[in-house]
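One-letter residues, chain by chain:
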Amino acid sequence: WSEALCPGAVVLRGLAMPDEAALLAALDDIAAAAPFRHMVTPGGFCMSVAMTNCGAYGWVSDRGGYRYDAADPDSGRRWPRMPDVFLRLATDAAARAGFDGFAPDACLVNRYAPGARLSLHQDKNERDLGQPIVSVSLGLPALFLFGGSRRDDKPARVPLTHGDVVVWGGPARLRYHGVMPLKDGLHPLVGGYRINLTFRKAA
Ligand code: MD5
Ligand code: FE
């Protein structure tokens, strides 16, 4: 079943559950080829979230800024290809939210250990902001901060748990958002982490 958080933001509770084992197996292969790493912000801070990517483009940050890059800066090689199970889940979720033909070319994988957080920000490095972002939550539960169109709008706290998929499009695409510090725990399949797959059309 699905619920609209607000116009443009559709939560599909548990949509990823039938694919959980295949998603996690594919993720192990991605992390073996392109290991999780803590990127540095343009301001010089090390992010608490560990990241990797798959697909034609990957999101990267360093002292020079944020960008999408076809190569992994740690290896100089292209990012691992996007697994079919990732692509099918992302396009199915987007279609259920009214975005037929979503063709993601980038999947940023965020890994949260206990204490890791994401401060309020907007996602606006993508070329076509008319395309949605699809996010898939796996592992430990998190409190997602869903803000407004201005940084100082008070965010709503939305619990997201293993298997939940959210489509952020239309008027929700540029809302400020973040993730509260992750609480300790152990997920039976994922262990002591929250993993979030974020599918984007970057180019
Ligand atoms: C996460 N990741 O849970 C989130 C899921 C990121 C990030 O925020 O930038 O890697 S994506 C949440 C999102 C994307 C685009 C728009 C909105 C939320 N929104 O309008 O609230 O690791
Ligand atoms: Fe974001």
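See the structure shown above.
The structure displayed is predicted, hence computed values, not measured ones.

Let us now look at the coordination of the iron ion (ligand 2). For the iron ion (ligand 2), every protein donor is listed as His121 (NE2), Asp123 (OD) and His177 (NE2), and the spread of their distances is 2.0 to 2.2 Å. In the primary sequence, the donor residues of the iron ion (ligand 2) line up as H-x1-D-x53-H. Of this pair, Asp123 sits in the loop between strand S7 (118-121) and strand S8 (133-139) while His177 sits in strand S12 (residues 177-179); the two residues are 54 residues apart in sequence, bridging distant segments of the chain. Taken as a pair, Asp123 and His177 share a single burial class, namely buried.

Around ligand 1, a shell composed of 20 residues is seen, among which Asn110, Tyr112, Ala172, His177 and Arg194 lie nearest. Between ligand 1 and His177, the relevant distance is 2.9 Å, taken from an oxygen atom to a side-chain nitrogen or oxygen of the residue. Contact with the protein chains hides 97% of the accessible area of ligand 1, taken as 500 Å² for the molecule alone. Comparing atom positions with the cavity grids shows ligand 1 to sit within the largest pocket. When residues of the shell around ligand 1 are traced back to their parent elements, those giving at least two are strand S6 (106-112), S7, S8, strand S9 (142-146), S12 and strand S13 (194-200). In terms of residue count, S13 provides more of the shell around ligand 1 than any other element does, four residues in total. Its residues assigned to classes, the shell around ligand 1 shows nine nonpolar, six polar and five charged.

A few words now on the layout of surface pockets. Approximately 830 Å³ is the volume found for the largest pocket. Every residue lining the largest pocket is counted, 39 residues in all, and those nearest its centre are Leu118, Ser119, His121, Asp123 and His177. When its residues are assigned to classes, the lining of the largest pocket shows 19 nonpolar, 11 polar and nine charged. Considered as a void within the structure, the second largest pocket measures approximately 200 Å³ in volume. Lining of the second largest pocket is provided by 13 residues; of these, Pro141, Ala142, Leu143, Pro181 and Lys183 occupy positions nearest its centre. A breakdown of the residues in the lining of the second largest pocket according to their chemical character gives nine nonpolar, two polar and two charged.

Conventions we followed
- Residues numbered from 1 in each chain as written.
- Chains lettered and ligands numbered in written order.
- Predicted model: local features only at pLDDT ≥ 70, side-chain atom pairs only at ≥ 80, totals over all residues.
- Heavy atoms only, no water.
- Donors = N, O, S within 2.8 Å, 3.2 Å for Na, K, Ca; no water.
- Helix = DSSP H or I, 4+ residues; strand = E, 2+ residues; numbered from the N terminus.
- Buried < 20%, exposed > 50% of the residue type's maximum accessible area, 1.4 Å probe, protein only.
- Near = heavy atom within 4 Å.
- Polar contact = N/O pair within 3.5 Å; in protein donor to acceptor, adjacent residues only side chain to side chain.
- Areas by Shrake-Rupley, 256 points an atom, 1.4 Å probe, with all protein chains shown as cover.
- 1 Å grid on protein atoms, 1.4 Å probe; cavity = no way out; pocket = protein on both sides within 12 Å on 5 of 7 lines; lining within 4 Å.
- Sits in = over half its atoms within 2 Å of the grid points.
- Nonpolar A, V, L, I, M, F, W, Y, C, P; charged D, E, K, R; others polar.
- Points joined across faces, edges and corners; volume = space filled by probe spheres on them.

These figures capture arrangement, not role.
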